Amino acid sequence: MFAIVRTGGKQYRVAAGDIIAVEKLAGEAGDSVTLDDVLLAGDGGEVKDVKGLTVAAEIVAQEKGEKVIIFKKRRRHNYRRKNGHRQQHTVLKISAIGDVKAAKKAAPKTEAAKPAEDKPAAEKKAAPAKKAAAAKPAPKKAAAKTEAKPAAATKAPAKKPAAKKPAAKKED
């Protein structure tokens, strides 16, 4: 079975087991992704109904594409600009093409990742307490800065620029 999926503004023909590179998607290697925007599906010569159809995939890697060099030049104007760019993309391995039920079976990995997202929120709540504790030693640092200023003042003064010579007088 194959499907045509739209992601990142582009369309891809995929089948189970295919590996494709798409525009960057959120997630890390090993995470599961569900592609919901299925445009067409078929099996051999038959076209299937795409209502409620999803494609389950696993992120293999987050990579950068080939380097593209951008060079601008305007002749006879001494104008040259050189720039480079490497587009970020995600490598996906298509695990299954099926309905919503099949995608939910392949998606427990994403549900396991969601509680991990909740953990940083708990850490954020604990972080203000740490900041309050860190605020107490701040006056000591300020005292250290005031001690450092006199040491900086002992540097040798900067050289004065050389005096300019008067211009030679022209005789007519």
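Predicted model, so just to flag it, every value in this text is computed and none were measured. (Residues numbered from 1 in each chain as written. Predicted model: local features only at pLDDT ≥ 70, side-chain atom pairs only at ≥ 80, totals over all residues. Heavy atoms only, no water.)

A. Spatial organisation of the nonpolar core. Core analysis: the biggest nonpolar cluster contains 18 residues, and Ala3, Val14, Ile20, Val55, Leu92 and Ile94 have the highest contact counts within it. Counting only elements with at least two residues in this core, the list comes to strand S1 (2-7), strand S2 (10-15), strand S3 (19-23), strand S4 (32-35), strand S5 (38-43), strand S7 (53-74) and strand S8 (79-99). In terms of residue count, the dominant contributor to this core is S7 (four residues). (Core = buried A, V, L, I, M, F, W, Y, C linked by side-chain atoms within 4.5 Å. Buried < 20%, exposed > 50% of the residue type's maximum accessible area, 1.4 Å probe, protein only. Helix = DSSP H or I, 4+ residues; strand = E, 2+ residues; numbered from the N terminus.)

B. Broad picture of the sheet that holds S2. In spatial order, the strands read S2-S1-S5-S6; together these four strands make up an open sheet with antiparallel pairing. Looking at strand neighbours, the two that pair on one side only are S2 and strand S6 (46-48), the edges of this open sheet. Across this sheet, the average inter-strand angle for adjacent strands is 30°, counted without regard to direction. In this sheet, S6 lies alongside S5 in antiparallel orientation, the contact comprising three bridges. Within S6, the position partnered with Asp43 by the bridge is Glu46. (Pairing = 2+ DSSP bridges. Axes fitted to C-alpha atoms, helices over the stretch in contact; angles between N-to-C directions.)

C. Representation of unusual backbone geometry in the model. Of note, the phi angle at Arg76 is positive, near 60°, even though the residue is not glycine. Residue position: Arg76 is located in the loop between S7 and S8. Among the residues examined, Arg76 registers a relative accessible area of 69% and is labelled exposed. Of note, Asn78 is a non-glycine position whose phi angle comes to about 50°, a positive value. Within the fold, Asn78 resides in the loop between S7 and S8.

Purely geometric stuff here, so don't read any function into it on its own.
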